[in-house]
Amino acid sequence: MVILTAIDRDPGCKGVVETAYDLATSMDMELVILHVVPEDEGEEAARSEVEDIVTSVIGDLEGVDLRIMPEQTRRDLPTGRTANHILQVAEEIDPDYIVIGSRKRTGLGKILLGSVSKLILANADVPVVTVEQKRRAEAE
């Protein structure tokens, strides 16, 4: 049994990691933590930052399958590339749950901006747990 959690590099995602880890340990499930690296950012720097975030929450990476995946440009996906990568990994590993963060948006932001969590919720084939992700200033 597997839990897939997808995080970004914002310190606000610590609550997402904590929730996923708590669920995985309480249900004796494998935990896969995924980070999709935007095209314009380096993979090694991303790995280092994600490792720091995860270890600050759970202590070490023992028993955690940490995956850093470079974003790939696709002409058929003008938006939602990160969500598509997360759903692709979910299809490959067939998790029992997906745990993701969600930021509060208000007004026009909800209408104009798509969100990764919204796309995951709409398209995942397994139950999705959403965790309110704190703003950067609140998390630090």
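Residue numbers restart at each chain and count upward from 1, following the sequence in its written direction. Local features in this predicted model are restricted to residues of pLDDT 70 or higher, and side-chain atom pairs are both shown and tallied only at a pLDDT of 80 or more, whereas totals for entire chains, interfaces and linings draw on every residue. Side-chain metrics rest on all non-hydrogen atoms present in the structure, leaving aside hydrogens and water.

(A) Looking closely at the overall build of the protein. For the protein, the count of helices and strands is 6 helices and 5 strands. Shown N-terminal to C-terminal, the secondary structure of the protein runs as helices and strands in the order β-α-β-α-β-α-β-α-α-β-α. Here the protein, with 140 residues, has 37% of them falling under the buried criterion. Note on definitions: a residue-residue contact is assigned when non-hydrogen atoms from the two residues lie within 4.5 Å. Partitioning the contacts of the protein with sequence separation of at least 6, the portion at a separation of at least 24 is 74%. The numbering of helices and of strands both runs from the N terminus, where a helix is a DSSP run of H or I of at least 4 residues and a strand a run of E of at least 2. A 1.4 Å probe rolled over the protein chains alone gives each residue an accessible area, and that area as a share of the maximum for its type sets the label: buried under 20%, exposed over 50%, partly exposed in between.

(B) Spotlight on the pattern of salt bridges. Every case where a carboxyl oxygen of Asp or Glu lies within 4 Å of a side-chain nitrogen of Lys or Arg is listed as a salt bridge. What the rule picks out here adds up to 3 salt bridges. Among the ionic pairs, Glu49 bridges to Arg9, the shortest N-O distance being 3.1 Å. One end of the pair, Glu49, is in helix α2 (residues 43-58); the other, Arg9, is in the loop between β1 (2-6) and α1 (14-26), and 40 residues separate them in sequence.

(C) Structural detail: the pairing of strand β3 (residues 64-70). In this analysis, strands are considered paired if DSSP registers two or more bridges between them. Here 7 bridges tie strand β2 (residues 30-37) to β3, and the two strands are oriented parallel to one another. Across the sheet, residue His35 finds its bridge partner in β3, namely Ile68. Crossover connection from β2 via α2 to parallel β3: handedness right-handed. When the strands point away from the viewer, a crossover counts as right-handed if the route from the first strand across the helix to the second turns clockwise.

(D) Highlighting the sheet that holds strand β5 (residues 128-132). Sheet architecture is open: 5 strands sit in the order β3-β2-β1-β4-β5, paired in parallel fashion. Unpaired on one side and paired on the other, β3 and β5 mark the two borders of the sheet. For this sheet, the mean inter-axis angle between neighbouring strands, taken without regard to orientation, is 20 degrees. Where helices are involved, their axes are fitted lines through C-alpha atoms of the stretch in contact, as for all axes, and angles between N-to-C directions lie from 0 to 180°. Where α2 meets the sheet, it contacts β2 and β3, and its direction lies at approximately 150 degrees from that of β3.

(E) Highlighting the packing of α1 against α2. Two elements in contact, α1 and α2, have axes whose closest approach is 9 Å; the angle formed by their N-to-C orientations is 55 degrees. Taken together, the axis directions place α1 and α2 in an arrangement best described as oblique. At the point where α1 passes α2, the crossing takes the right-handed sense. Taking contact as the criterion, the partners of Lys14, Val17, Glu18 and Tyr21 in α1 are, on α2, Ile53, Val54, Ser56, Val57 and Ile58. Grouping the amino acids of the contact of α1 with α2 by side-chain chemistry returns 6 nonpolar, 1 polar and 2 charged. Orientation is classified from the angle alone, with under 35 degrees giving roughly parallel, over 145 giving roughly antiparallel, 65 to 115 giving roughly perpendicular, and any other angle giving oblique. Each crossing is labelled by how the near helix is turned from the far one, with a counterclockwise turn of less than a right angle marking it left-handed and a clockwise turn marking it right-handed. Lys, Arg, Asp and Glu make up the charged group, whereas Ala, Val, Leu, Ile, Met, Phe, Trp, Tyr, Cys and Pro make up the nonpolar group; the residues left over, Gly among them, are polar.

(F) Quick look at α1. Taking 1.5 Å per residue, 13 residues should reach 18 Å; α1 reaches 18 Å between its end C-alpha atoms and fits that length. Turning to α1, its buried residues are Val16, Val17, Ala20 and Ala24. End-on, the buried residues of α1 take up no more than an arc of 95 degrees, which puts them together on one face. Tucked into the core, α1 has its buried residues touching β1, β2, α2, β4 (97-102) and β5. Looking one or two residues beyond α1, the residue adopting positive phi is Asp28, at roughly 50 degrees. In this analysis, the expected span of each helix is defined as 1.5 Å times one less than the number of residues it contains. By arc we mean the arc of the directions from the helix axis to the C-beta atoms, nothing more.

(G) View of the nonpolar core. What makes a nonpolar core is a set of buried Ala, Val, Leu, Ile, Met, Phe, Trp, Tyr and Cys residues whose side-chain atoms join them at distances within 4.5 Å. Formed by 21 residues in total, the largest nonpolar core has its most connected members in Ile3, Ile7, Leu31, Ile33 and Val54. When contributions to this core are tallied by element, the ones reaching two or more residues are α1, β2, α2 and β3. Among the elements that line this core, the one with the most residues is α2, at 5 residues.

(H) Broad picture of unusual backbone geometry. With phi around 50 degrees, Asp28 is a residue other than glycine that occupies positive phi space. When its relative accessible area of 72% is taken as the criterion, Asp28 is described as exposed.

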